[in-house]
Amino acid sequence: MVDIGVLGRYTYLATELVWGAVAVALLRRAGALRRAAVTILALYPIAYVWDRYTLAVGVFDIKLRTGVELAGIPLEEHLFMAVVPGLVIGMHETIFGAGASGGADDGDRDCNDSARDRHGSAVSPRR
């Protein structure tokens, strides 16, 4: 295994930037940047509270970080809270998004297909 600790206090930041670039590339390829940003912003407050608590009680200790803190948690953790869901959404959209080949099964139809029944005729939305 490669020892990336040679980057010292910039190790965690460097890994977040690399994986963040991968996430952005996947999201751009899938045309999902805006949707992902909305989801990440919705998840962020929950992730922030969770992260702040786990750091406060000592669940984990981050040694290879810059030491810069924003709102009580390391800068790198703020990036982590965007990179992880960005990677998940980017991978999901790359595999299953509108531009992906292959059809969706009946239980997982695309939003555009939800107003059509199996025979192709329009269906009124349920209320």
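These numbers come from a predicted model, not from an experiment.

Considerations on the overall build of the protein chain
No. 1: Of the regular secondary structure elements, the protein chain holds 3 helices and 2 strands.
No. 2: In the protein chain, which comprises 127 residues, the share counted as buried stands at 24%.
No. 3: In the structure as shown, the protein chain presents an accessible area of about 9,400 Å², 62% of it carried by carbon and sulfur atoms.

Let's talk about a nonpolar patch on the surface
No. 1: On the surface, Val-6, Leu-7 and Tyr-10 cluster together into a nonpolar patch covering about 320 Å² of accessible area.
No. 2: Along the polypeptide, Val-6 turns up in the segment before α1 (11-30).
No. 3: Looking at Val-6, the relative accessible area reads 70%, which means it is exposed.

Thoughts on the side chain of Thr-54
No. 1: In this structure, Thr-54 sits in helix α2 (residues 33-56).
No. 2: A relative accessible area of 9% means that Thr-54 is categorised as buried.
No. 3: If we ignore the near neighbours within four places in the chain, the residues touching Thr-54 are Val-59 and Phe-60.

A short note on the side chain of Asp-51
No. 1: Take Asp-51: it is sitting in helix α2.
No. 2: For the buried residue Asp-51, which engages in no salt bridge, the nearest side chain bearing the opposite charge is Arg-52, 8.7 Å off.
No. 3: Those residues in contact with Asp-51 that sit more than four places away from it in its chain are Phe-60, Ile-73, Glu-77 and Met-81.

Focus: the packing of aromatic side chains
No. 1: A complete count under the given rule lists 1 aromatic pair for this structure.
No. 2: For the ring pair Tyr-44 and Tyr-48, a centre distance of 6.4 Å and an interplane angle of 25 degrees mean the geometry is stacked. Here Tyr-44 and its partner Tyr-48 are both found in helix α2, 4 residues apart, which amounts to about one turn of the helix.

Here we look at unusual backbone geometry
No. 1: Phi at Ala-71 is positive, roughly 55 degrees, even though this residue is not glycine.
No. 2: Residue position: Ala-71 is located in the loop between β1 (69-70) and β2 (73-74).
No. 3: The exposed category is assigned to Ala-71, whose relative accessible area is 52%.

Here's the deal with the confidence of the model for the protein chain
No. 1: Considering every residue of the protein chain, the mean pLDDT works out to 84; 77% of them sit at 70 or more.
No. 2: Of the regions scoring below 50 in pLDDT, residues 103-119 engages in 12 contacts with residues more than four places distant in sequence or in other chains.

With respect to the pattern of salt bridges
No. 1: All told, the structure shown has 3 salt bridges when counted by the stated rule.
No. 2: Across the pair Glu-93 and Arg-35 runs a salt bridge, and its minimum N-O distance is 2.9 Å. You can see Glu-93 sitting in helix α3 (residues 75-96) and its partner Arg-35 sitting in helix α2, a full 58 residues away along the chain.
No. 3: Taking relative accessible area as the criterion, Glu-93 reaches 19% and is therefore assigned buried.
No. 4: Lys-63 is paired through a salt bridge with Asp-61; the nearest N and O atoms lie 2.9 Å apart.
No. 5: For Lys-63, a relative accessible area of 66% gives the class exposed.
No. 6: By relative accessible area, which is 59% here, Asp-61 ends up exposed.

Cut-offs and rules
- Residue numbers here run from 1 along each chain, matching the order of that chain's written sequence.
- For this predicted model, a pLDDT threshold of at least 70 governs which residues receive local features, and a threshold of 80 or more governs which side-chain atom pairs are given and counted, while totals over whole chains, interfaces and linings are taken from all residues.
- Derived side-chain values reflect all non-hydrogen atoms in the structure, with water molecules and hydrogen atoms excluded from consideration.
- Segments assigned H or I by DSSP are reported as helices when at least four residues long, segments assigned E as strands when at least two residues long, and all are numbered from the N terminus.
- Note on exposure labels: buried denotes an accessible area under 20% of the residue type's maximum, exposed denotes more than 50%, and partly exposed covers the range between, all computed with a 1.4 Å probe on protein chains only.
- Note on areas: these come from Shrake-Rupley sampling with a 1.4 Å probe, and a residue is covered only by the protein chains present in the view.
- To count toward a patch, a residue needs a relative accessible area over 30% and no salt bridge; like charges are then connected within 9 Å, while nonpolar side chains (Val, Leu, Ile, Met, Phe, Trp, Tyr) are connected within 5 Å.
- Note on definitions: salt bridges are taken to be side-chain nitrogens of Lys or Arg within 4 Å of carboxyl oxygens of Asp or Glu.
- Any two residues having at least one pair of non-hydrogen atoms within 4.5 Å are treated as being in contact.
- Asp and Glu are treated as the negative residues and Lys and Arg as the positive ones, with His and the ends of the chain left uncounted.
- Any two rings among Phe, Tyr and Trp, with Trp reduced to its six-membered ring, count as a pair given centres within 6.5 Å; such a pair is stacked if its planes are under 30 degrees apart, edge-to-face if over 60, and tilted if neither.
- Per-residue confidence from the predictor is given as pLDDT, running between 0 and 100.

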